[in-house]
2 protein chains.
Amino acid sequence: LTNISGSSEYFERGVVTYSNKSKMELLGVPQKTLEEYGAVSMQTARAMAIGIKDRAKVDIGISTTGIAGPTGGTKEKPVGLVYIGIAALKNTEVKRFLFSKDRLQNKEKTCHKALELLLETITKW
Amino acid sequence: LTNISGSSEYFERGVVTYSNKSKMELLGVPQKTLEEYGAVSMQTARAMAIGIKDRAKVDIGISTTGIAGPTGGTKEKPVGLVYIGIAALKNTEVKRFLFSKDRLQNKEKTCHKALELLLETITKW
């Protein structure tokens, strides 16, 4: 997002919320959502996208949450599981992906997919 | 910082504060500091590092602020100018760098230098 000169004209802020505490403090994700569904869930991704959009007072909020790996996977939530949320005005969408076992590839693919979803969103605007 | 599996055990949060508004809201950088010295300054880098450390309640806060380029440079603040701040407990240090004219190289070098300063800091601990 910020590899292009002048990106400060459209990118307002981002938050990298590794801890649950930071997800609650910086994005307003309800503790109940984190406890019931976990940090890597459709519900958390949804709350994160809405949270950044509302707090930054911008048009579009994007969130990603996943198990990048190689450790941290479980049977229900395997390595490579990623949710990407896009909150745009009144409409919020969350998509589920199952990428690879490779951490850097997962980070790369997540970025790529998120930008793709952003492009779709602003194309439909 | 998060390219290594298990990084959530030591990385609590990050904020990407492209706008001055987000620097004030998320890091508590005083408006006066931004107006007097600008976003790319030793004073702002200092306030950012202290801000993230205090708000996240962690041991070490790192900040970077600079002109990545290729646009946005001035005579006083040329492309490649970067300040990196490290706030650790009672001691805050800010260093000034003049990297290249290339945006991606500047981002890369800034990351690398910041990690180097972090390593120095925890080595002296």
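The preceding data block contains the structure.
Residues numbered from 1 in each chain as written. Chains lettered and ligands numbered in written order. Predicted model: local features only at pLDDT ≥ 70, side-chain atom pairs only at ≥ 80, totals over all residues. Heavy atoms only, no water.

Let's shift gears to the state of the cysteines. Counted by the stated rule, this structure contains zero disulfides over all chains. Counting only cysteine sulfurs, B:Cys111 is the nearest neighbor of A:Cys111, a cysteine outside any disulfide, at a range of 13 Å. (Disulfide = S-S within 2.5 Å.)

Another point: the packing of aromatic side chains. Applying the stated criterion across every chain, the model contains four aromatic pairs over all chains. Between A:Phe11 and B:Tyr18, the aromatic rings sit 5.2 Å apart at their centres with planes inclined by 80°, giving edge-to-face as the arrangement. Here the residue A:Phe11 occupies a position in the segment before β1 (13–17), and B:Tyr18 occupies one in the loop between β1 (13–17) and α1 (20–27), the pair thus bridging two chains. With a relative accessible area of 14%, A:Phe11 lands in the buried category. (Phe/Tyr/Trp six-rings, centres within 6.5 Å; stacked < 30°, edge-to-face > 60°. Helix = DSSP H or I, 4+ residues; strand = E, 2+ residues; numbered from the N terminus. Buried < 20%, exposed > 50% of the residue type's maximum accessible area, 1.4 Å probe, protein only.)

In this structure, A:Val15, A:Leu26, A:Leu27, A:Val29, A:Leu34, A:Ala47, A:Met48, A:Ile52 and B:Leu26 together form the largest nonpolar core, which totals nine residues. For this core, the secondary-structure elements that each account for two or more residues are α1 (20–27) and α3 (42–56) of chain A. Of the residues forming this core, the biggest block, three residues, is contributed by α3(A). Among residues more than four places away in sequence, those in contact with A:Leu27 are A:Val15, A:Thr17, A:Ser22, A:Ala47, A:Met48, A:Gly51, A:Ile52 and A:Arg55. (Core = buried A, V, L, I, M, F, W, Y, C linked by side-chain atoms within 4.5 Å. Contact = heavy atoms within 4.5 Å.)

All names here are of chain B. Taken N-terminus to C-terminus, the directions of α1 and helix α3 (residues 42–56) make an angle of 40°; their axes are 9 Å apart at the nearest point. As the angle between them shows, α1 and α3 are arranged oblique. In this structure, α1 uses Lys23, Met24, Glu25, Leu26 and Leu27 to contact α3, whose residues at the interface are Thr44, Ala47, Met48, Gly51, Ile52 and Arg55. Taken together, the residues of the contact of α1 with α3 sort by class into six nonpolar, two polar and three charged. (Axes fitted to C-alpha atoms, helices over the stretch in contact; angles between N-to-C directions. Parallel < 35°, antiparallel > 145°, perpendicular 65-115°, else oblique. Nonpolar A, V, L, I, M, F, W, Y, C, P; charged D, E, K, R; others polar.)

All names here are of chain A. Omega for the bond connecting Gly69 with Pro70 falls within 30 degrees of zero, at -5°, which places this linkage in the cis form. Structurally, Pro70 can be placed in the loop between β2 (60–66) and β3 (81–88). One non-glycine residue, Leu89, lies in positive phi territory at about 45°. Position of Leu89 relative to the elements: it lies in the loop between β3 and β4 (91–98). The exposed category is assigned to Leu89, whose relative accessible area is 52%.

Residue and element names in this part refer to chain B. Here α3 spans 21 Å end to end across 15 residues, near enough to the 21 Å set by a 1.5 Å rise per residue. Of the residues making up α3, those classed as buried are Thr44, Ala45, Ala47, Met48, Ala49, Gly51, Ile52, Lys53 and Ala56. Looking one or two residues beyond α3, the residue adopting positive phi is Lys57, at roughly 55°. (Expected span 1.5 Å × (residues − 1).)

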